[in-house]
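Close look at the chain arrangement
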Amino acid sequence: MLKGHTAIITGGSRGIGAAVSEKLASLGADIAVIYAGSTELAEQVCRKCEETYKVKARAYQCNVADFEQTKEVVQKIRADFENIGILVNNAGITRDGLIAMMKESAFDEVIDTNLKGAFNMIRHTCGIFMKGKYGRIVNISSVSGLTGNPGQINYSASKAGIVGLTKSVARELASKNITCNAVAPGFISTDMTKDLAQDNESILSAIPLKRAGRPEDVADAVAFLVCADYITGDVIRVDGGMAM
Ligand code: NAI
């Protein structure tokens, strides 16, 4: 279904990003994984994509918050791959704390990675999409950005920002056959949430479907949006009903 297309996935080395990389590879896309920390994990994801799905996959270390680094990494990916048409902005961090005590650096780091990171990647890939007359951008937001969450003002601001960014990009680039949508996950079992027990009663009681989500649940929604030709500017919640 995605054979002949190349997908860039930021934060693709683990958690939701790894599941998205594997899902898009299973649909035939070649995969460029961008990661911040573990080369070993990123290469493991690429190996799995190549061996299981017979697609081309490469890993690139890059800090998405850095404008110049993202420009260079997109140039590298362009030299290594053909037909770059899919971008999944998934890289994200949390630096939780109450507003009365939050350090300026905790606010800045989260906005720079989660929101500016998505801007940087779209800024450097949109020219390629316009030239190819095809683009499918999916940004990972969060239910925190839709409803707010105490202790996460930096994170919810970045994720609400993603929603505004998504809709404006969708309006700006629609005429070029470029869609831009967002997925807002709820509580998903990954490294990001491992310190909050997965069977935590108060969290589960807020989820009508009564379980934490799996990275694959989010990856399925991303793949749906990547394959959809007539959906743009939308936000799909993958949260077991948490934020309805
Ligand atoms: P994770 O912590 O397991 O993985 C995050 C990924 O982002 C890693 O691959 C990491 O290397 C990468 N990353 C972090 N900072 C980066 C940077 N500056 N440059 C490049 N890569 C960077 O997190 P998880 O849970 O897989 O989250 C993925 C996305 O989903 C994030 O945007 C997160 O905010 C969002 N999300 C997660 C939820 C959850 O419950 N796990 C809920 C709602 C949203």
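Just above, that's the structure.
Every residue gets a number counted from 1 within its own chain, in the order that chain's sequence is written. In keeping with the predicted nature of the model, local features appear solely for residues at pLDDT of at least 70, side-chain atom pairs appear and are counted solely at 80 or more, and the whole-chain, interface and lining totals rest on all residues. Processing note: side-chain calculations cover all non-hydrogen atoms of the structure and skip hydrogens and water entirely.

Okay, the site of the ligand next. Distances are taken per atom, and a residue is near a molecule or strand as soon as one of its heavy atoms is within 4 Å of it. By nearness alone, 27 residues border the ligand, and Arg14, Asn90, Tyr155, Ile188 and Thr190 come closest of all. Pairing of N or O atoms within 3.5 Å defines a polar contact, subject to two protein rules: one partner must be a possible hydrogen donor and the other a possible acceptor, and residues neighboring in sequence count only if both atoms are side-chain atoms. Note that a nitrogen atom of the ligand is positioned 3.0 Å from one of the backbone N or O atoms of valine 64. Areas reported as accessible are Shrake-Rupley estimates using a 1.4 Å probe. Residue values count occlusion only from the protein chains shown. Here the ligand loses 94% of its free accessible area of 840 Å² to cover by the protein chains. Among the secondary structure elements, those contributing two or more residues to the shell around the ligand are α1 (15–26) and α6 (153–173). Residues were grouped as follows: Ala, Val, Leu, Ile, Met, Phe, Trp, Tyr, Cys and Pro as nonpolar; Asp, Glu, Lys and Arg as charged; and all remaining residues, including Gly, as polar. In terms of residue class, the shell around the ligand is made up of twelve nonpolar, twelve polar and three charged. Helix and strand assignments follow DSSP, with helices taken as H or I runs no shorter than four residues and strands as E runs no shorter than two, numbered in order from the N terminus.

Looking now at the packing of aromatic side chains. Here a Phe, Tyr or Trp ring, Trp counted by its six-membered ring, pairs with any other such ring whose centre lies within 6.5 Å, and the pair is stacked when the planes are under 30 degrees apart, edge-to-face when over 60, and tilted otherwise. As enumerated under the stated definition, the model contains one aromatic pair in all. Consider the rings of phenylalanine 67 and phenylalanine 119, whose centres lie 6.3 Å apart with planes at 20°: the pair is stacked. Of the two residues, phenylalanine 67 is situated in helix α3 (residues 67–80) and phenylalanine 119 in helix α4 (residues 104–132); the sequence distance between them amounts to 52 residues. Residue class for phenylalanine 119 comes out partly exposed when judged on its relative accessible area of 39%. We count a charge as sitting over a ring when the NZ of a lysine or the CZ of an arginine lies within 6 Å of the ring centre and within 35 degrees of the ring normal. Positioned above the aromatic ring of phenylalanine 81, the side-chain terminus of lysine 56 is 4.7 Å from the ring centre. Buried, partly exposed and exposed residues are distinguished by accessible area as a fraction of the type maximum, computed with a 1.4 Å probe on protein chains only: under 20%, between the cut-offs, and over 50%, respectively.

Okay, the sheet that holds strand β5 (residues 135–140) next. Only strands joined by at least two bridges in the DSSP assignment are considered to pair. The strand order across the open sheet built from seven strands is β3-β2-β1-β4-β5-β6-β7, with neighbouring strands paired in parallel fashion. The open sheet terminates on both sides in strands that have one partner only, identified here as β3 (57–61) and β7 (235–238). Across the sheet, the axes of successive neighbouring strands diverge by a mean angle of 20°, strand direction being ignored. A contact between two residues is defined here by any heavy atoms of the two lying within 4.5 Å. Interaxial angles span 0 to 180 degrees and are taken between N-to-C directions of axes, which are lines fitted to C-alpha atoms, for helices over the stretch in contact. The strands touched by α1 are β1 (6–10), β2 (30–35), β4 (84–89) and β6 (178–185); relative to β1, the strand with the most contacts, the crossing angle is about 170°. Relative to β3, α3 is tilted by about 160°, and along the sheet it contacts β1, β2, β3 and β4.

This part takes up the state of the cysteines. Disulfides are defined as cysteine sulfur pairs within 2.5 Å. Enumeration according to the criterion identifies zero disulfides in this entry. Just so you know, cysteine 49 is unpaired, no disulfide at all, and the nearest cysteine sulfur is the one on cysteine 46, 6.3 Å from it. The thiol of cysteine 62 is unpaired, and the distance to the nearest cysteine sulfur, on cysteine 46, comes to 14 Å.

Before going further, it helps to spend a moment on the packing of α1 against helix α8 (residues 215–227). Where α1 meets α8, the axes come as close as 8 Å, and the angle between the chain directions of the two elements is 50°. Here α1 lies oblique to α8, going by the angle between them. The element α1 and its partner α8 pack so that their crossing is right-handed. Note on element contacts: α8 touches α1 through Pro215, Glu216, Val218, Ala219, Asp220, Val222, Ala223 and Val226, opposite Gly15, Ile16, Ala19, Val20, Lys23 and Leu24. Classifying every residue of the contact of α1 with α8 gives ten nonpolar, one polar and three charged. Each angle is binned into one of four classes, with values under 35 degrees roughly parallel, values over 145 roughly antiparallel, values of 65 to 115 roughly perpendicular, and all other values oblique. Each helix crossing is assigned a hand: it is left-handed if the near helix lies turned anticlockwise from the far helix by less than a right angle, otherwise right-handed if that turn is clockwise.

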